[in-house]
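Residues per chain, in single letters:
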Amino acid sequence: MKIIHISAECYPIAKVGGLADVVGALPKYQNALGLKSSVIMPFYDNKFTADNTFVSVYKSQVLLNEVAHDFEVLILKENSLDFDVFFIDVPSLLFKDYVYSFDDTDRFLAFQIAALDWILTLDEKPNIFHCHDHHTGLVPFMLQESFKYESLNKIPVITTIHNAQYQGGFGYDKLGFIPEFDKENVGLLDWNGQINPLAAAIKCAWRVTTVSPSYMEELKLEANGLQDLLKAESQKCVGILNGIDAAVWNPEKDEYLISNFSEKNVNLGRGKNKKWLCETFNLDTSKPLFAFIGRLVYEKGSDLLPEVFQTILKEKNCSILLLGSGNKEVEEELKALKEEHKGNYDAFIGYDEKLSHIIYGGADFLLMPSRVEPCGLNQMYSLRYGTIPIVRSTGGLKDTVVDIANENGFGICHDEVTVAEIEHAIQRGITLYKDQDKFKKTRKYIMKIDHSWDASASEYIELYKSIN
Ligand code: ADP
């Protein structure tokens, strides 16, 4: 079975968040299970494309509102990934030093149309199109409705929602950008008087998946306006928990770590990573180290962190390290705390892949007070590396973290996203840390929990088979 994933991100080529990690891992695991899985993605102006050599396999033009843009399909001259990647190079639109920005509508429309135009020319067509998020949300619509793609419309198409907050809506002034279709069916594009790519995908895809069973249920109640649509389409919707790439996220081999470790030498290995973090950020190694890694946005509960940190740090019985960027006000508030809490707190505002790995390998607890968390990969990485997760029970966090007060529990969970509940959860972490015996046993226990893609990759295969 030949699967084509269509996505804006794919690790290690271009990563903004969890979408990249999923699209960089799932095809690998699918290939190991005997499928032929590949990825189509935009060609960006970034480190990966600068460091590699590419070969052109197809050239044409994509029409956007009667303006012709040259495009090429590129492949890697030497591919060391475990799956094929086809890059859509539209120099006038896609080749930018960012993945997302103000001009996404035109860029991702060009991407989707160019990708399908190229697939039309292939002798061997895929058996499944697997689209990811709203950037590829018009693919299911175009396959079903656009006259020029009629020969592809029997190929099943799946859309995976990684985050329903972002839907890619745009105005009808750009309707003419979409390859011609019967205008009687324009309603398939519409949600609340706008063209809404995510809504169009939910309506037109043969199956809709999201990245955890709990998030699927939550979306039927609240999906940034699309809840009624998801409820109406619920017979074709399913939640499949994301996995992690256990080869990339392996504390025994991770090249980013200061010290590698397994369950056998976890105390020593993690101790060295923690020491490096504490030396680098001027923190006290003897105190429990709480960390946050992520986008500083409302969904992640990051707006509450400055107040939580201010209160917790007054007691001077723990250290806190934050890695993230996003909302400028929150960034400023987090930076402002540095002076007052020197020695117990630091914040690295920015994106740093290496540092994130060292934090997973050295911090004692990872904070995820998310309001919305479709799946969440951070908690799975932290489990694998032995950092105890402190999470708000929602979406994928609810499906992967069991509170330590329960039988076989190992994490710390809270129900509400309030300053008081997050503080209380951190206090529970401090108490657990004092009981070093229990703390270390828990750490070893969580490292053995298997969240690799093995199980979930098989679930996707069953889904593909059910519509093929
Ligand atoms: P989301 O996709 O909503 O941002 P996920 O938990 O699904 O959240 O995935 C986040 C991914 O991005 C993880 O791999 C995490 O380590 C990484 N990440 C987030 N922010 C940063 C940052 N500032 N520096 C390094 N890695 C980050």
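Provided above is the structure to which this section pertains.
The rules behind each value
- Residues numbered from 1 in each chain as written.
- Predicted model: local features only at pLDDT ≥ 70, side-chain atom pairs only at ≥ 80, totals over all residues.
- Heavy atoms only, no water.
- Helix = DSSP H or I, 4+ residues; strand = E, 2+ residues; numbered from the N terminus.
- Rg over C-alpha atoms; globule rule 2.2 N^0.38 Å.
- Buried < 20%, exposed > 50% of the residue type's maximum accessible area, 1.4 Å probe, protein only.
- Contact = heavy atoms within 4.5 Å.
- Areas by Shrake-Rupley, 256 points an atom, 1.4 Å probe, with all protein chains shown as cover.
- Lys, Arg positive; Asp, Glu negative; His and termini not counted.
- Charge placed at Lys NZ, Arg CZ, Asp CG, Glu CD.
- Phe/Tyr/Trp six-rings, centres within 6.5 Å; stacked < 30°, edge-to-face > 60°.
- Pairing = 2+ DSSP bridges.
- Axes fitted to C-alpha atoms, helices over the stretch in contact; angles between N-to-C directions.
- Parallel < 35°, antiparallel > 145°, perpendicular 65-115°, else oblique.
- Left-handed = near helix turned anticlockwise from the far one by under 90°.
- Nonpolar A, V, L, I, M, F, W, Y, C, P; charged D, E, K, R; others polar.
- Right-handed = clockwise from strand over helix to strand, strands pointing away.
- Salt bridge = Lys/Arg side-chain N within 4 Å of Asp/Glu carboxyl O.
- Core = buried A, V, L, I, M, F, W, Y, C linked by side-chain atoms within 4.5 Å.

Caption draft 1: The overall build of the chain, seen in detail. Looking only at helices and strands, the chain features 16 helices and 17 strands. For the chain, the C-alpha radius of gyration of 23 Å lies close to 23 Å, the compact-globule estimate for 468 residues. Across its three principal directions, the C-alpha atoms of the chain cover 65 × 45 × 40 Å. The buried share of the chain, taken over its 468 residues, is 59%. In the chain, 72% of the contacts between residues at least 6 apart in sequence involve partners at least 24 apart. Just so you have it, the chain exposes about 18,700 Å², and 49% of that area is on carbon and sulfur atoms. Each charge sign in the chain was given a centre, from 48 positive and 66 negative side chains, and these centres are 6 Å apart.

Caption draft 2: Local environment of the packing of aromatic side chains. Inspection of every chain in the model, using the stated rule, returns 22 aromatic pairs. Arranged with centres 6.3 Å apart and planes meeting at 40°, the rings of Trp453 and Tyr460 form a pair that is tilted. Between Tyr460 and Tyr464 the ring centres are 6.4 Å apart and the planes differ by 35°, which places this aromatic pair in the tilted class. Of this pair, Tyr460 and Tyr464 both sit in helix α16 (residues 454-467), four residues apart, which is roughly one turn of that helix. Both residues of the pair, Tyr460 and Tyr464, belong to the buried class. Among the aromatic side chains, those forming a connected cluster through ring pairs are Trp249, Phe261, Tyr360, Tyr381 and Tyr385.

Caption draft 3: Summary view of the sheet that holds strand β17 (residues 412-414). If you walk across this open sheet you meet the six strands as β14-β13-β12-β15-β16-β17, and the pairing is parallel. In the strand order of this sheet, the two ends are held by β14 (345-349) and β17, each with one partner. Going across the sheet, the axis of each strand differs from the next one's by a mean of 15°, ignoring polarity. Sheet topology note: the strand β12 (residues 289-296)/strand β15 (residues 365-368) ladder contains two bridges and is parallel. By the bridge assignment for β15, Phe290 is matched with Phe365. Packing against the sheet, helix α11 (residues 353-362) makes contact with β12, β13 (319-326), β14 and β15, and its axis sits at approximately 145° to β12.

Caption draft 4: Representation of the packing of helix α9 (residues 305-314) against helix α10 (residues 328-340) within the structure. For the pair α9 and α10, interaxial distance at closest approach is 9 Å and the crossing angle is 15°. When the axes of α9 and α10 are compared, the pair comes out roughly parallel. The way α9 lies across α10 gives a crossing that is right-handed. Packed against α9, whose contacting residues are Leu305, Pro306, Phe309 and Gln310, the element α10 presents Glu333, Leu334, Leu337 and Glu340 at the interface. For the contact of α9 with α10, the class distribution of residues is five nonpolar, one polar and two charged.

Caption draft 5: Quick peek at the pairing of strand β1 (residues 2-6). Burial runs high along β1: five of the five residues are buried. Here β1 shows two buried faces, one formed by Lys2, Ile4 and Ile6 and the other by Ile3 and His5. Here five bridges tie β1 to strand β2 (residues 36-42), and the two strands are oriented parallel to one another. Paired with His5 across the bridge in β2 is Val39. For the segment spanning β1, helix α1 (residues 18-32) and β2, crossover handedness is right-handed. For β1 and strand β6 (residues 128-132), the ladder comprises four bridges, and the chain directions are parallel. What sits directly across from Ile6, in β6, is Cys131.

Caption draft 6: Representation of the pattern of salt bridges. Within the structure shown, the criterion is met by 23 salt bridges. Between Asp117 and Lys148 there is a salt bridge whose closest N-O contact spans 3.0 Å. Here Asp117 is found in helix α3 (residues 104-120), whereas its partner Lys148 is found in the loop between α4 (138-145) and β7 (157-161), with 31 residues between them in sequence. Residue classification places Lys148 among the partly exposed residues on the basis of a relative accessible area of 41%. Among the salt bridges present, the one from Lys236 reaches Glu233, with a minimum N-O distance of 3.6 Å. The exposure class assigned to Lys236 is buried, which follows from its relative accessible area of 9%.

Caption draft 7: Structural view of the sheet that holds β7. Pairing within the open sheet is mixed, and its nine strands lie in the order β3-β4-β5-β2-β1-β6-β7-β10-β11. Pairing within the sheet leaves two strands with one partner each, and these edge strands are β3 (54-64) and β11 (237-239). On average, adjacent strands in this sheet sit at an angle of 25° to one another, irrespective of strand direction. Bridging between β3 and strand β4 (residues 67-76) involves ten bridges; their strand directions are antiparallel. Looking at β4, one finds that Gln61 is bridged to Asp70. Sitting on the sheet, helix α5 (residues 197-204) is in contact with β7 and β10 (207-210), with an inclination near 135° to β7.

Caption draft 8: Spotlight on the nonpolar core. Among the nonpolar cores identified, the biggest contains 68 residues, and Phe290, Phe309, Ile359 and Phe365 are the most heavily contacted of them. In terms of residue count, the dominant contributor to this core is helix α14 (residues 419-434) (seven residues). Those residues within four positions of Phe309 in sequence are excluded, and the remaining contacts are Ile320, Leu322, Leu334, Leu337, Tyr345 and Leu367. If you look at the next biggest cluster of nonpolar residues, it comprises 61 residues, including Ile4, Ala110, Val139 and Ile178.

These figures come from the coordinates and say nothing about function on their own.
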